[in-house]
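Okay, here's what each chain looks like letter by letter:
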Amino acid sequence: MKLAKFSALAIIIGAIFCKSDSFAATSCPAGVCEIDNNTQLYKKATTITGRLYDGEEDYGTATMKIAKIAKNKTVKVTLTIAPYFGNKISMTGTFIPNTRGMINGIFSFKKASALKNSAILPKGYSFEFYIDKTRNFFYGESADSNYYFQSCTVGGEIDKGNYAIGFSMINEAQLPNGYDDISGTGFNSYPDREVEGSYNGSKFNFGKVPSLKYVKNKYGQYVISGLNDPAKPNTHAVILKYTKKTGAIKGSFKFFYTNEYNVKEGVKPTLRNVQVTIKGYFFDKIPSAGAQYKYKRKAVNFRAYFDYPGEE
């Protein structure tokens, strides 16, 4: 199973080659293009969508709203970053397109935004960016080169076929006193291994969900029943839903925990679970998501890993 990730260098190179027309000179001599060309280019408002990433993984969506050009030849631009979990953060600026119709500028955020437990955009964090003359492409890079944003196709039709998903925990689990996560052969508190499923063009299916509970085995020991049932393989109750129009992935899985290690011998343990929320998007037909649950206002975060049709 591979992490759906993007090399920052590869993306920059791809942007240059795939969008080389953005850098091409106009047909008029340098420095004498009429500013009225921009009046035509920016005669209508435009919204472009994309992603925020760090070269390894995605953190959420990036949306660029480009207003209609004003009478003073300036264009109002708003960048909104929406992390999978956490509050949106926006910044608005006014810029003058250059003689090739491109907008170059810098955004500095007035408020901090937590992307995940281990990633924060602090107050004053800045991005240098450009928008090409077609208003179909944007690209930005943070001042410390830790984060990037780039336009891409968000949502739409995605490939049918086999998908698999797994998770890794970013920070420590938060559980009630006396309870621990589960570790055992073939079963973990969360789906840290591949959960295999499929997409038929409208729905994801990861199989039937077993009923898990403690029962006594023939040796008088309490064990969890319902595991390793080939007819009900979806042990952690993974659910995914996809909305083509917005590109959003939403779903959940169960995180199991137990007091098995803290009860007296012969006492039946208690098996509990908490529902973990999955949020993400399809960027250029590639799934990307994170997951989170909260206990006493403390967030427990997960990274999502995917196998998907067409993966190299």
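Residues numbered from 1 in each chain as written. Predicted model: local features only at pLDDT ≥ 70, side-chain atom pairs only at ≥ 80, totals over all residues. Heavy atoms only, no water.

**Focus on the side chain of T74**
Among the structural elements, T74 can be located in the loop between β2 (58-66) and β3 (75-83). Judged by its relative accessible area of 16%, T74 is buried. A distance of 2.6 Å separates polar atoms of two side chains, one belonging to T74 and the other to N72. If sequence neighbours within four positions are ignored, T74 has contacts with K68, I69, T94, F95 and I96. (Helix = DSSP H or I, 4+ residues; strand = E, 2+ residues; numbered from the N terminus. Buried < 20%, exposed > 50% of the residue type's maximum accessible area, 1.4 Å probe, protein only. Polar contact = N/O pair within 3.5 Å; in protein donor to acceptor, adjacent residues only side chain to side chain. Contact = heavy atoms within 4.5 Å.)

**Considering the nonpolar core**
Buried together is how nonpolar side chains tend to be arranged in soluble globular proteins. Counting 31 residues, the largest nonpolar core has F167, F204, F253, F255 and F302 as its most contacted members. If we skip the residues at most four places from it in the chain, F167 touches Y190, P191, D192, F253, I278, A291, F302, R303, A304 and Y305. Counting residues in hydrophobic clusters, the runner-up holds 28 residues, among them I66, I69, L115 and F129. (Core = buried A, V, L, I, M, F, W, Y, C linked by side-chain atoms within 4.5 Å.)

**Structural notes on the pattern of salt bridges**
Considering all chains together, one arrives at six salt bridges under this definition. Across the pair R51 and D58 runs a salt bridge whose closest N-O atoms are separated by 3.7 Å. As a salt-bridge pair, R193 and D192 come within 3.4 Å of each other at their nearest N and O atoms. Of the residues examined, R193 reaches a relative accessible area of 48% and is grouped as partly exposed. (Salt bridge = Lys/Arg side-chain N within 4 Å of Asp/Glu carboxyl O.)

**Things to note about the side chain of N259**
Here N259 shows up in the loop between β20 (248-258) and β21 (271-283). For N259, the side chain forms a polar contact with the main-chain nitrogen of T270, separated by 2.7 Å.

**What to know about the packing of aromatic side chains**
Geometrically, a pair of aromatic rings is defined through the distance of the ring centres and the angle of the planes. Applying the stated criterion across every chain, the model contains 29 aromatic pairs. Ring centres of F204 and F206 lie 6.2 Å apart, and the angle between their planes is 10 degrees; this geometry places the pair in the stacked category. We note that F204, like F206, is buried. Ring pairs connect the aromatic residues Y59, F109, Y125, F127, F138, Y147 and F149, which therefore count as one cluster. Here the guanidinium or amino end of R51 rests over the ring plane of Y53, the centre of that ring lying 5.4 Å away. When the ring centre of Y42 is taken as origin, the NZ or CZ atom of R135, which lies over that ring, is 5.6 Å away. (Phe/Tyr/Trp six-rings, centres within 6.5 Å; stacked < 30°, edge-to-face > 60°. Lys NZ or Arg CZ within 6 Å of the ring centre and 35° of its normal.)

**Considering the environment of G310**
For G310, the position within the fold is in the segment after β23 (298-307). The class for G310 is exposed, based on a relative accessible area of 71%.

**Remarks on the confidence of the model for the protein**
Overall, the prediction assigns the protein a mean pLDDT of 87, with 87% of residues at 70 or greater. Note on residues 1-35: pLDDT under 50 across the span, and 53 contacts to partners over four residues away in sequence or across chains. (pLDDT = per-residue confidence, 0-100.)

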